[in-house]
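Coordinates in review
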Amino acid sequence: MRRTTKYPVRGANSLWQLYRTVSFWKVLKNVIIIQIGRYTPFLPLKRWLYRTFLGMNIGEQTALAFMVMPDILFPEKIHIGRNCVIGYNTTILAHEYLVDEYRLGDVVIGDEVMIGANSTILPGVVIGDRAVVAAGTVVHQDVPPGAMAAGCPMRIVRRNEPPSD
């Protein structure tokens, strides 16, 4: 089960009520910073932009590849450990806007995690240290440390095995 907080809405679907939940100006600023970051080839600059202006927690030597898309509404709910690789065109979401409710949840990515290209990480999941997420995976549940996850729907295809003596 993902760790999200549910907020019910009445009337029109929750996306029509977007600016009751988050400031228009915050979203505009986030969109501008994220678009600059998505096209920036300089990894330290991208990391600085996201940490400084979006409030994201990104560890040292972590690389967000070209076109990675962090959540535009709640990027401060994204926590990425040190020395990770987040692959091309990956989307990291901290929100879900549904018909009768919206949900928010922190995304926690551990240290030395590899996330393949074109993956989608949904709100409220934890990806453990040294885990591997295959390209094109929709991460809808936690990934244990050292495990490999793949597919849509995501499955754990390999678990961390203790080192042999």
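Structural data are supplied above this passage.
Residues numbered from 1 in each chain as written. Predicted model: local features only at pLDDT ≥ 70, side-chain atom pairs only at ≥ 80, totals over all residues. Heavy atoms only, no water.

Packing of helix H2 (residues 24-39) against helix H3 (residues 43-54) brings their axes to within 9 Å, and their N-to-C directions diverge by 170°. One way to sum up the angle between H2 and H3 is to call them roughly antiparallel. Where H2 abuts H3, its residues Lys 29, Asn 30, Ile 33, Ile 34, Ile 36, Gly 37 and Arg 38 lie against Lys 46, Leu 49, Tyr 50, Phe 53 and Leu 54. Of the residues in the contact of H2 with H3, the class split is seven nonpolar, two polar and three charged. (Axes fitted to C-alpha atoms, helices over the stretch in contact; angles between N-to-C directions. Helix = DSSP H or I, 4+ residues; strand = E, 2+ residues; numbered from the N terminus. Parallel < 35°, antiparallel > 145°, perpendicular 65-115°, else oblique. Contact = heavy atoms within 4.5 Å. Nonpolar A, V, L, I, M, F, W, Y, C, P; charged D, E, K, R; others polar.)

Next up on the list: the sheet that holds strand E17 (residues 155-158). The six strands lie next to each other as E3-E6-E11-E14-E16-E17, forming an open sheet whose pairing is mixed. Only two strands of the sheet have a single partner each, and these edge strands are strand E3 (63-64) and E17. (Pairing = 2+ DSSP bridges.)

Next up on the list: the pattern of salt bridges. Under the definition given, this model contains nine salt bridges. Residue Arg 82 is joined to Glu 112 by a salt bridge in which the shortest nitrogen-to-oxygen separation is 3.1 Å. One end of the pair, Arg 82, is in the loop between strand E5 (78-80) and strand E6 (85-86); the other, Glu 112, is in the loop between strand E10 (107-109) and strand E11 (114-115), and 30 residues separate them in sequence. Take Arg 82: its relative accessible area is 40%, and that puts it in the partly exposed class. The class for Glu 112 is partly exposed, based on a relative accessible area of 26%. Residue Arg 103 pairs with Glu 96 through a salt bridge whose shortest N-O separation is 3.5 Å. (Salt bridge = Lys/Arg side-chain N within 4 Å of Asp/Glu carboxyl O. Buried < 20%, exposed > 50% of the residue type's maximum accessible area, 1.4 Å probe, protein only.)

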